[in-house]
Amino acid sequence: MAQCGSNLVISYTYGGGSYAQRTSLGNGRVVIDYYQAQQYSPLRIMTHEIGHILGLPDNYNGNCALLMSGGSAGTSCTNPYPSAAEAARVDQLFGFAPRSATGAGVFTGSWPAPATVGAQH
Ligand SMILES: [Zn+2]
């Protein structure tokens, strides 16, 4: 079990499915099903469950463009990002100012950043 910051605890289990237990907005526990993560994108599972911690409900409509469609989008869906509407809903729940452009501010890079071989600084 790893504790990330003071408000989110992430752990794993074997079987039974991944889930989130939100204790309050932005706080809670995410449990990742090891076996499920071998079929579905582990990163998508993780960000989907964190979406619940941030206040988003499930939306099982099969649309891979939506993070909260979860497993309904199938094992081929690896999109780990929230849609602009999903991100805007989290902003609204947390009282942040609306984003100025669709999708702006949604992190789409990689982490950790790719190593820059030979870089000299
Ligand atoms: Zn869910």
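Residues numbered from 1 in each chain as written. Predicted model: local features only at pLDDT ≥ 70, side-chain atom pairs only at ≥ 80, totals over all residues. Heavy atoms only, no water.

At this site the zinc ion is bound by His48 (NE2), His52 (NE2) and Asp58 (OD), with donor distances of 2.0 Å. Residue classification places Asp58 among the partly exposed residues on the basis of a relative accessible area of 36%. (Donors = N, O, S within 2.8 Å, 3.2 Å for Na, K, Ca; no water. Buried < 20%, exposed > 50% of the residue type's maximum accessible area, 1.4 Å probe, protein only.)

It is worth spelling out a nonpolar patch on the surface at this point. On the surface, a cluster of nonpolar side chains totalling about 490 Å² of accessible area is made up of Tyr12, Tyr14, Tyr34 and Tyr35. In this fold, Tyr34 is placed in the loop between strand E4 (27-33) and helix H1 (42-53). For Tyr34, a relative accessible area of 38% gives the class partly exposed. (Patch = residues over 30% accessible without salt bridge, like charges linked within 9 Å, V, L, I, M, F, W, Y side chains within 5 Å. Areas by Shrake-Rupley, 256 points an atom, 1.4 Å probe, with all protein chains shown as cover. Salt bridge = Lys/Arg side-chain N within 4 Å of Asp/Glu carboxyl O. Helix = DSSP H or I, 4+ residues; strand = E, 2+ residues; numbered from the N terminus.)

In this section: H1. Along its twelve residues, H1 runs 17 Å from first to last C-alpha, staying within 8% of the 16 Å computed at 1.5 Å per residue. Residues of H1 that are buried: Arg44, Ile45, Thr47, His48, Glu49, Gly51, His52 and Ile53. Of the surrounding secondary structure, the elements contacted by the buried residues of H1 are strand E2 (8-13), strand E3 (19-24) and E4. Immediately beyond the C-terminal end of H1, within one or two residues, lies Gly55, with a positive phi of roughly 105 degrees. (Expected span 1.5 Å × (residues − 1). Contact = heavy atoms within 4.5 Å.)

As paired elements, E3 and E4 share five bridges and run antiparallel to each other. When the sheet's bridge partners are listed, Ser24 is paired in E4 with Asn27. Counting the residues between successive antiparallel strands, the hairpin from E3 to E4 contains two residues, one of them, Gly26, with a positive phi of roughly 85 degrees. (Pairing = 2+ DSSP bridges.)

A few words on the confidence of the model for the chain. Detailed conclusions should not be drawn from predicted coordinates in areas where pLDDT is low. Considering every residue of the chain, the mean pLDDT works out to 85; 76% of them sit at 70 or more. Predicted confidence for residues 1-5 stays below pLDDT 50, and this span has eight contacts to residues more than four positions away or in other chains. (pLDDT = per-residue confidence, 0-100.)

Moving on, we come to the packing of aromatic side chains. We describe a pair of aromatic rings using the distance from one ring centre to the other and the angle between the two ring planes. Applying the stated criterion across every chain, the model contains five aromatic pairs. With 5.7 Å between their ring centres and 90 degrees between their planes, Tyr12 and Tyr14 make a pair best called edge-to-face. Between Phe94 and Phe96 the ring centres are 5.8 Å apart and the planes differ by 25 degrees, which places this aromatic pair in the stacked class. Residue classification places Phe94 among the partly exposed residues on the basis of a relative accessible area of 32%. (Phe/Tyr/Trp six-rings, centres within 6.5 Å; stacked < 30°, edge-to-face > 60°.)

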